[in-house]
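This is what each chain is made of:
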Amino acid sequence: MEYEKMNSSGQLETWHIKETGRRKKGPCSITGEVKMNDGVVVVSSNRSMNNLPKIEGLLSYRSDQEKLFLRGKSQWNALKSNQQVDHSQSMIQTILGNLTRLAKDVRSELTSLKKENTDLRLELGDYKTRIRQELDQVKESIENLTVYVSCKQALEKKRNASNGWYKIKTLGTNAFVTDVYCQMTSLPGCSDGGWTMAMKIDGKK
C-alpha cells in the first residue's frame, strides 16, 4: 500500500507498507493497483488485496467486485451492501411485528384466564356454601332422628336445643319410641330446661 509523506525539505516522498506492516520508502512492487481514498485502500483484484498488510481492522475496497472488505485476524471479510442491510432490517421489522402480535395475544389470553379463574373461584364459593347448607340440613335431620331416654338427656346432648318435639324411648320391657314435646328453656320457678310435657292443662296453649 502506497502513500505520500512530506519530508523535512517540504518535498513529497512515496512510501509503502509491506505485508509485515512495516513502512518502507519507495513505491510498491505492484504499481497502479493500490490506492488510498479517505482511509480506505482501493484495489483492483483479489491478488492486490492479498498483498496488502495483514492489519486487523483495515478497510479495502475491491473495484472489480464493487465490495468493501474488512481485514480480520486471518482473512478478509466482505461487508454487506446497502441492499443486504435493508433486507436484514426488513426481516427484523417483520420479526418484531410478529413478536408484538404474539405478545398482544398472550396478554389477551392471560386476561381471559384471569377472568375464568375469577369465575371459577366464585362458582367454587357457591358450591361450598351449598355444601355447608346441605351438611347442616343432614346434621339437623340426623339430630331429629336421634332417640333419647328423656328431654333432660336431649338437652345434655344438645346444649342449644330449642323447644320442640323429640323422639323419646320409654323404659321397661314394652319400651317404644314416641314423639314427646320437650321444654328446653327455663320455666318460671322451675330452673333450667329439659322438662317433658306430660299433659296439657289448657288446650289453647
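Scroll up to find the structure this text is about.
Residues numbered from 1 in each chain as written. Predicted model: local features only at pLDDT ≥ 70, side-chain atom pairs only at ≥ 80, totals over all residues. Heavy atoms only, no water.

**Q** So what exactly am I meant to see when it comes to the nonpolar core here?
**A** As a rule of thumb, nonpolar side chains are buried together in soluble globular proteins. Core analysis: the largest hydrophobic core is formed by ten residues, namely Tyr148, Cys151, Ala154, Leu155, Ala161, Tyr166, Ile168, Val180, Cys182 and Met184. Take this core: its biggest share by element is three residues, from helix H3 (residues 151-157). Once residues lying within four places of it in the same chain are set aside, the contact partners of Tyr166 are Tyr148, Ala154, Ala161, Thr178, Asp179, Val180, Cys182 and Met184. In terms of nonpolar packing, the next biggest core, distinct from the first, is built from seven residues, Val43, Leu52, Leu58 and Phe69 among them. (Core = buried A, V, L, I, M, F, W, Y, C linked by side-chain atoms within 4.5 Å. Buried < 20%, exposed > 50% of the residue type's maximum accessible area, 1.4 Å probe, protein only. Helix = DSSP H or I, 4+ residues; strand = E, 2+ residues; numbered from the N terminus. Contact = heavy atoms within 4.5 Å.)

**Q** For this particular structure, what's the right way to read the packing of aromatic side chains?
**A** Geometry of an aromatic ring pair is reported as the spacing of the ring centres plus the angle between the planes. Overall, the coordinates contain two aromatic pairs when judged by the stated rule. Aromatic pair Tyr148 and Tyr166: ring centres 6.4 Å apart, planes at 65 degrees, arrangement edge-to-face. Of the two residues, Tyr148 sits in strand E9 (residues 147-148) while Tyr166 sits in strand E10 (residues 164-169), which places them 18 residues apart along the sequence. Each member of the pair, Tyr148 as well as Tyr166, carries the same accessibility label: buried. With centroids separated by 5.6 Å and ring planes inclined at 75 degrees, the aromatic side chains of Trp165 and Tyr181 adopt a geometry described as edge-to-face. Note that Trp165 is positioned in strand E10 and Tyr181 in strand E11 (residues 177-183), a separation of 16 residues in sequence. Relative accessible area serves as the criterion here: at 58%, Trp165 is assigned to the exposed category. By relative accessible area, which is 26% here, Tyr181 ends up partly exposed. (Phe/Tyr/Trp six-rings, centres within 6.5 Å; stacked < 30°, edge-to-face > 60°.)

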